[in-house]
Amino acid sequence: MPQHITVLDYNPKWPLKYIEERERITEILKDNCISIYHIGSTSVPGLAAKPIIDIMVAVRSLKKVDAVAEKFSEIGYEYLGEFGITGRRYLRKGGDERTHQIHIFQADDWDNIVRHLAFRDYMRTHEKEREE
């Protein structure tokens with residue numbers, strides 16, 4: 001069954017959902033985790049978005065992430081490997097009605113990390129573009 005695409009007005013609960021999930025992710029990755037970021041449309045206050053919490057994680061080692069893949073399934077995620085982007089680990093939660101996505105990159109993958117943060121930060125600071 002294909003995923004339904006729904007765009008909702010900004011929900012102030014989205015950052016809280018991110019924080020809850022960040023704690024679960026940190027518990028799994030432990031000292032391999034360097035940083036966790038709320039990215040994508042739900043991370044931009046005031047922006048209408050698909051109600052999917054996008055999370056980006058920077059880690060020391062993708063091999064260590066692969067070694068704990070099963071722990072992510074215990075909290076409801078499908079572990080899909082690179083899933084089209086070399087050097088990424090992609091996880092999704094919620095099946096066809098996806099609620100969360102995790103994008104994990106090794107900390108030295110600045111191209112992908114900066115790309116995601118740049119979109120978020122641009123939309124947060126450019127009201128005209130955000131409204132469009």
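Quantities reported herein were computed from a predicted structural model and do not represent experimental measurements. (Residues numbered from 1 in each chain as written. Predicted model: local features only at pLDDT ≥ 70, side-chain atom pairs only at ≥ 80, totals over all residues. Heavy atoms only, no water.)

Topic: the pattern of salt bridges
- The final tally for this structure, using the stated rule, is seven salt bridges.
- Here Glu78 ties to Arg92 by a salt bridge, and the two come within 2.9 Å at their closest N and O atoms. Taken together, the residues span a long stretch of sequence, with Glu78 in strand β3 (residues 77–79) and Arg92 in strand β4 (residues 88–93) at a distance of 14 residues.
- When its relative accessible area of 34% is taken as the criterion, Glu78 is described as partly exposed.
- Between Asp121 and Arg120 there is a salt bridge whose closest N-O contact spans 2.8 Å.
- Three or more residues are tied together by salt bridges with common partners; here these are Glu21, Arg24 and Lys93. (Salt bridge = Lys/Arg side-chain N within 4 Å of Asp/Glu carboxyl O. Helix = DSSP H or I, 4+ residues; strand = E, 2+ residues; numbered from the N terminus. Buried < 20%, exposed > 50% of the residue type's maximum accessible area, 1.4 Å probe, protein only.)

Here we look at the nonpolar core
- Of all hydrophobic cores here, the largest spans 20 residues; its most connected members are Ile25, Leu29, Ile55, Val57, Phe72, Ile102 and Ile104.
- Those elements that place two or more of their residues in this core are α1 (14–29), β1 (33–39), β2 (53–59), α2 (62–67) and β5 (100–106).
- In terms of residue count, the dominant contributor to this core is α1 (five residues).
- For Ile55, the residues in contact, after removing those within four places along its chain, are Tyr18, Glu21, Ile25, Ile36, Tyr37, Ile39, Gln101, Ile102 and His103.
- Counting residues in hydrophobic clusters, the runner-up holds six residues, among them Ile39, Met56, Ala58 and Leu117. (Core = buried A, V, L, I, M, F, W, Y, C linked by side-chain atoms within 4.5 Å. Contact = heavy atoms within 4.5 Å.)

By themselves, these figures tell us nothing about what the structure is for.
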